[in-house]
Amino acid sequence: MTGTIMPPGVKALWDEVESRVAAGYRFAGLFATRPTQVAGSGPITLSAHMATADGIATLEAALPPGAESYPALTPRLGAAFWYEREIHDAFGVVPEGHPRLAPLVRPDSPEASALPRHVTGYGMFTIPHGPVRSGVLESIEYLVETPGEAIPHLNMRVFYKHRGVQDRFVGMTPADAVLLAERTEGIASVAHAMAFSHAIEQIAGCEPPIAAQLVRVLHAELERIANHLDVAVRLADAAGLAVATARLALHKERVLRLVSGLCGSRFGRGVVVPGGVSAAPVLPPAQLRAELDRLAKPIAADAAALMATSSFLDRLRGTGPLTSERARQHGALGPIGKAAGFADDARLTRPYDAYRALAVPSARSHVAGDALARLRVRWEEVDQSFRLLRQVADDLAERAPDLYSVTCEPASGRAVGWAEAPQGEVLYDVNIEAGRITRCHPRSASFHNLVLMHEVFTGDILTDFPFIEASFGLSVAGVAL
Amino acid sequence: MSIWVLRGLRDGVVTTRWPARPDDYADTWRGPARPLAAPLSSDPDAALEALCPTGAITAERGGNVRVDQGRCILCGHCVARRPDVFTWSQGATGSGAAALTRNQLIVPELPETDEAVEAARARLRERTAALRRSVHIRHVDAGSDGSEEWEIQALLGPVYDIHRLGVFFTASPRHADVLLVTGAGARGMTVPLRTTYDGMPDPKIVIAVGTDAVSGGLLSESDATTGGIAATVPVDIWLAGSPPSPFGIINALLVAVGRLARDTTPARLTTGSRGRRRSR
């Protein structure tokens, strides 16, 4: 059952959330809002999003006016840990009973958010790693507690690159806001633009033409391939496989060039707009089909070679394992969840755009939950993506469409849109009044999944760190919006 | 392991020879928007300015239409709606390439730009004379969307391979000559960025990589960002793009160390290793 349900009071809300999780719903996010027209101290509303096969159900309860605290959800549902910290950052309202209310997404001085060491004992020390790290990486700080090699505990500070994205959405028109959605998590631009547009289209009650839906899938799947290749590049690089790194980087570059050949942007930006896509692909379908064939074979061959290189597999097998139980409890998204036996792929369970018409191949199930399983999931997804892309190219060739968008001018309303990014499901909770956005809360898969990195260092040592980080394949930009 | 030896030979040499030789992908690259040289519509008005979500367009009444490419996020709204006034820049050099002053990113250029650019070039030349052929780079993300990092990482891949140009990445700011900064200037990164800059030895060069780093792009100055990185560190080279292409970043690096002038065609490249080999 979807739509908005409003239990009376916060405790009843948590009861409802808990009973739905027990009934097999997946906890997909917890946001707080304060109506903008009431300056200062309007009542705060908590919205919990629950994913099910029919869509996203939203459960809501308002805090009493002026409330400075509420009973925390985190002690009952661990997956709310970061969400409640984010709420605390934004509104200052205290979730009573939350285990650790350090700043998460709003910048704070490192001293002010200094943490006592989690693990104490002879020879324990903390290695602060970041926010400026070696290599070309996004800014994040890892605090590694270690006696020398083992990593009994890890802390993360993600707030360094908070950009105020949510606030920036307010007042924008949907046509401009989709551009900001693309830049919310730049390596998953297409998925974010799609999730945002789905919300807008739901409010406006319009549906993109089938050609536009196919073009969206085309770009979403190319984005997935590029992202998974990027993860493979980083893993091969961490293992010191120079040739494999170069080969995979070459494939990734060729995929990005195909994307830019289709639309002018290497990240598929400017393609997805509310109501459809901005233009037909530049390459005709026959040429697209040829390009896909040219890409798919060498990628599959190099992937097979990589997965037969024992020195590489040794570094991944058993590294950074996430248990199936934790994956299910947390509702782990994307390849991280799939590798641990918890698969909830929005393309399959809550299909959108052309995924409803295309035959999305279902995935093999994995349970190991380690870096190796995550990479296996990614290669399988790459293979699936190519199969989908061939269907899309053939469909576009057959239809020879001419209509790529419909008018989409939402007046007022609220909706939740979703799309499956390479990292997992992306959610957009959008509110519009008189054609302008009054609130837009993006939730990337990176935000939901990154917190799990706390838990996967069982028996791993410092030199496993780059493998684990790369195997998660997340983007910090999507975390500290 | 031996399987990789043969695999490495599969595609032959895939590395570009740009900028010493032309490269199709670099030359056909779609850069930021710009006004047509001869606009078909002669009545610029405020409606033109409203086309741009980042306020990059200025239209003087009865006068010139200008695009500040340092604000352009390449959304194409202006090109799509007013193709009689706007078009895309072409190529990774020329209009749309790295600039020596902030104003040089405004097209058509402002009257005073030439002198300012020459002065900036002279100042830069003084500082960079020593590091023309061996350059070490440190990168800092000051609030990017993550895409700029991909494009910088691509420089280390087989296609762009900047090692061929004597350019290397370094982990320590102590070894770095050039600071590549991405992102809109997140306030949380102000101190780490400044500390990295201060940790670099003189002479040092700062390149603002991408429209976000130049002006903040969509994330203009707010509680969360400084609207570009110039508020934190002095910028020497300004590179527009959302994100810029890897060729654009190579262009910015070569302009920074005086090995390539903006608007320089490959034939006029003077000091690149390939250029020398050719002249021998």
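Residues numbered from 1 in each chain as written. Chains lettered and ligands numbered in written order. Predicted model: local features only at pLDDT ≥ 70, side-chain atom pairs only at ≥ 80, totals over all residues.

All names here are of chain A. Where helix α4 (residues 174-182) meets helix α5 (residues 189-204), the axes come as close as 7 Å, and the angle between the chain directions of the two elements is 145°. The handedness of the crossing between α4 and α5 is right-handed. Residues Pro-174, Ala-177, Val-178, Ala-181 and Glu-182 of α4 lie in contact with α5, whose contacting residues are Ser-189, His-192, Ala-193, Phe-196, Ser-197 and Ile-200. For the contact of α4 with α5, a count of residues per class yields 7 nonpolar, 3 polar and 1 charged. (Axes fitted to C-alpha atoms, helices over the stretch in contact; angles between N-to-C directions. Helix = DSSP H or I, 4+ residues; strand = E, 2+ residues; numbered from the N terminus. Left-handed = near helix turned anticlockwise from the far one by under 90°. Contact = placed C-beta atoms within 7 Å. Nonpolar A, V, L, I, M, F, W, Y, C, P; charged D, E, K, R; others polar.)

In this section: the sheet that holds strand β6 (residues 135-141) of chain B. Residues and elements named next belong to chain B. Pairing in this open sheet of 5 strands is parallel, and the strands run β7-β6-β8-β9-β10 from one edge to the other. Taken across any chain shown, the strands that pair with only one partner, and hence form the sheet edges, are β7 (167-169) and β10 (237-239). On average, each strand axis in the sheet is tilted by 25° relative to the strand beside it, whichever way the strands run. As defined by bridge partners, strand β8 (residues 178-182) adjoins strand β9 (residues 205-209) across 5 bridges and the pair is classed as parallel. (Pairing = 2+ DSSP bridges.)

At the interface, 44 residues of chain A touch 47 residues of chain B. Where the side of chain A that touches chain B is concerned, the elements lending two or more residues are α3 (165-169), α4, α7 (242-263) and α8 (285-306) of chain A. Here the side of chain A that touches chain B takes 8 residues from α7 of chain A, the largest share from any one element. In terms of residue class, the side of chain A that touches chain B is made up of 19 nonpolar, 12 polar and 13 charged.

It is worth spelling out the confidence of the model for chain A at this point. Confidence in the prediction of chain A, expressed as mean pLDDT, is 93, and 97% of residues score 70 or more. Strand β1 (residues 3-5) of chain A is the least confidently modelled element of chain A, averaging 72 in pLDDT, while α5 of chain A averages 98, the highest of any element. (pLDDT = per-residue confidence, 0-100.)

This part takes up the domain arrangement of chain A. Residue and element names in this part refer to chain A. Entries for chain A in the domain assignment read domain 1 (3-96) and domain 2 (165-453). Domain 1 and domain 2 are separated by 28 Å when their C-alpha centres are compared. Counting from both sides, the interface comprises 18 residues of domain 1 and, opposite them, 17 residues of domain 2. If you list the elements that add at least two residues to the side of domain 1 that touches domain 2, you get β2 (26-33), β3 (45-52), β4 (55-62) and α2 (81-91). Across the side of domain 1 that touches domain 2, the residue classes tally to 9 nonpolar, 8 polar and 1 charged. (Domains from an automatic or database assignment.)

Moving on, we come to the environment of Val-94 of chain A. Residues and elements named next belong to chain A. Tracing the sequence through the fold places Val-94 in strand β6 (residues 94-96). Take Val-94: there are 16 C-beta atoms within 10 Å of it, and that puts it in the partly exposed class. Separated by 103 residues in sequence, Val-94 and Ser-197 place their C-alpha atoms 33 Å apart. Ignoring anything within four residues of it in the chain, the contact list for Val-94 reads Glu-68, Ser-69 and His-88. (Buried ≥ 20, exposed ≤ 12 C-beta atoms within 10 Å, placed from the backbone.)

Residue and element names in this part refer to chain B. Relative to the helices and strands, Ala-116 is located in helix α5 (residues 113-128). Taking the C-alpha atoms as reference points, Ala-116 and Ala-252, separated by 136 residues in sequence, lie 18 Å from one another. Those residues in contact with Ala-116 that lie beyond four places of it in its chain are Thr-101 and Asn-103.

Here we take up the nonpolar core. Ranked by size, the top nonpolar core spans 233 residues in total, and within it Val-181 and Ile-207 of chain B carry the most contacts. Here this core gets 17 residues from one element, more than from any other, and that element is helix α6 (residues 210-238) of chain A. (Core = buried A, V, L, I, M, F, W, Y, C linked by C-beta atoms within 7 Å.)

We now examine the pairing of β2 of chain A. All names here are of chain A. Most of β2 sits out of view: 8 of its 8 residues are buried. Relative to β3, β2 is paired through 7 bridges, and the arrangement is antiparallel. Within β3, the position partnered with Phe-31 by the bridge is Ser-47.

Residue and element names in this part refer to chain A. Of all the 8 residues making up helix α15 (residues 465-472), 7 are buried; the element is thus mostly covered by neighbouring parts of the structure. Within the span of α15, buried status applies to Phe-465, Phe-467, Ile-468, Glu-469, Ala-470, Ser-471 and Phe-472. Buried residues along α15 sit against α6, α9 (310-316), α11 (334-339), α13 (371-399) and α14 (445-450).

Residues and elements named next belong to chain A. Burial within strand β13 (residues 424-433) is extensive, with 9 of its 10 residues counted as buried. As paired elements, strand β12 (residues 413-421) and β13 share 9 bridges and run antiparallel to each other. Looking across to β13, one finds that Ala-421 is bridged to Gly-424. The antiparallel pairing of β12 with β13 creates a hairpin that spans 2 residues between the two strands. Direction of pairing for β13 relative to strand β14 (residues 436-443): antiparallel, over a ladder of 7 bridges. Bridge assignment links Tyr-428 to a residue of β14, and that residue is Pro-442. Hairpin connection of β13 to β14: 2 residues between the antiparallel strands, including Ala-434 at a positive phi of 50°.

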